Amino acid sequence: MKRSKALVVFSGGQDSTTCLYWAKKHFEEVYAITFLYGQKHSHEVEIAEQICKEEGIPFRLMDVRFISQLSHNSLTDTSIEMDQEKPADSFPNTFVPGRNLFFISIAAVHAREIGAFDIVTGVSQTDFSGYPDCRDSFIRSLNVSLNLAMDEQFVIHTPLMWIDKQETWKLADDLGVLDIVRYRTLTCYNGIVGDGCGHCPACKLRRAGLEKYLESKK
Ligand code: ZN
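Please read these numbers as outputs of a predicted model, since none were measured by experiment.

Reading the values: the criteria
- Going along each chain's sequence as written, the residues are numbered from 1 onward.
- Where local features are concerned, this predicted model is filtered to residues with pLDDT of at least 70; where side-chain atom pairs are given and counted, the filter is 80 or more; whole-chain, interface and lining totals use all residues.
- With hydrogens and water stripped out, all remaining heavy atoms of the structure feed into the side-chain values.
- Two aromatic rings, drawn from Phe, Tyr or Trp (for Trp, its six-membered ring), form a pair once their centres lie within 6.5 Å of each other, and the interplanar angle then sorts them: stacked below 30 degrees, edge-to-face above 60, tilted otherwise.
- Three exposure classes are used, based on accessible area relative to the maximum for each residue type with a 1.4 Å probe and protein chains only: buried under 20%, partly exposed in between, and exposed over 50%.
- Elements are defined by DSSP. Helices are runs of H or I of four residues or more, strands are runs of E of two residues or more, and each kind is numbered from the N terminus.
- What the arc measures is the spread of directions leading from the helix axis to the C-beta atoms.
- For the purposes of these results, a polar contact is taken to be a pair of N or O atoms within 3.5 Å, where, inside protein, one atom must be able to donate a hydrogen and its partner to accept one; residues adjacent in sequence count only when each atom of the pair is a side-chain atom.
- We call two residues in contact whenever any of their non-hydrogen atoms come within 4.5 Å of each other.
- Water is not part of the atom set, so a site may look incomplete; the donors themselves are N, O and S atoms within 2.8 Å of the metal, or 3.2 Å for Na, K and Ca.
- For a four-donor site, all angles between 85 and 135 degrees give tetrahedral; for four or six donors, opposite pairs above 155 degrees with the remaining angles between 65 and 115 give square planar or octahedral; all remaining cases count as irregular.
- For two strands to count as paired, DSSP must find a minimum of two bridges between them.

Structural notes on the packing of aromatic side chains
Next, step 1: Counted by the stated rule, this structure contains five aromatic pairs.
Next, step 2: Ring pairing ties together the aromatic residues F35, Y37 and F103, which thus form one cluster.

Dropping the structure here:
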C-alpha cells in the first residue's frame, strides 16, 4: 500500500531525480523542495522546476543563500579551484558544511506545514566524496532531532544510502526513467546538462556508473 504524502529534497541532479520518481512510486502525493544556496550552477534549479511542472509535482523553492556566506567552498565560491580528488586527510573543497543539515531541517518544517511526514533525500554514503552529512548515522540522528524539535514522527527515507552509482542507474531504469535521468538532469560541476563535461569529479563518478550499468545489461 502506498503511504500518503512525501516531500522530496530535490536538486535536479541524478540522485534526487531518481528519488523523486522513487517517491512517485511509493507515495500517493509527492511534493518537492529545492534550495538556492549560492551554487555556481543555478541552472539546476530551473531543471528541477521544469521536471516538477511536467510531473505535476508542487514545487517549492527556498532561498538559503546565507549558507554560502558562512564558509568557503568551491561549489559556491568562483575564486576557489575545485579539488579533482579527495584529499587523503580531509574533505574535498566541494564540501559545503552544514548543507544537508540546513536542507533537511528546512524541508522538515515545510513538510510539517503541508502535512507530509515522509521526507526523501538522495544522500548516499556508498559513493560518497567524504561528506559527513551524507552518512546514514547523521541522517538517523537528524531524524531523531527533528522529531524531538517538532514533536512529530517524521521518517527520512534514503533510497540511495547503500547503493552505488551503477545501482542508482539501475534503479532509474527499473522505475522506467533512465532516459529522463540521463538526459535531463544536471550533476556536472561545470553546469553541463545530461552526460556533462566528462572530467569533473561528479561527471567521472556518474559516467563510470552509467558505463558499468549499460555494460551489465548487455
Ligand atoms: Zn562535469
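With respect to helix α6 (residues 165–174)
Next, step 1: For α6, the set of buried residues is K165, T168, W169, L171 and A172. In an axial view of α6, the angular spread of the buried residues amounts to 155 degrees, which keeps them on one side of the axis.
Next, step 2: Where α6 begins, the capping side chain belongs to D164, and its oxygen is found 3.2 Å from the backbone nitrogen of Q166.
Next, step 3: G176 occupies a position one or two residues after α6 and carries a positive phi of about 80 degrees.

Remarks on the side chain of T168
Next, step 1: Relative to the helices and strands, T168 is located in helix α6.
Next, step 2: Setting aside its immediate chain neighbours within four residues, T168 contacts Q14, D15, T18, L160 and I163.

Things to note about the coordination of the zinc ion
Next, step 1: In this structure, C188 (SG), C197 (SG), C200 (SG) and C203 (SG) serve as the protein donors to the zinc ion, at separations of 2.3 to 2.4 Å.
Next, step 2: Coordination geometry of the zinc ion: the four donor atoms subtend angles of 104 to 116 degrees at the metal centre, consistent with an arrangement described as tetrahedral.
Next, step 3: Read N to C, the donor residues that coordinate the zinc ion are spaced as C-x8-C-x2-C-x2-C.
Next, step 4: For C203, a relative accessible area of 4% gives the class buried.

Quick look at the pairing of strand β2 (residues 27–36)
Next, step 1: Counting buried residues in β2 gives eight out of ten residues, a clear majority hidden from the surface.
Next, step 2: Where β2 and strand β3 (residues 59–63) come together, five bridges link them in parallel fashion. Residue pairing in the sheet places A32 in a bridge with F59 of β3.

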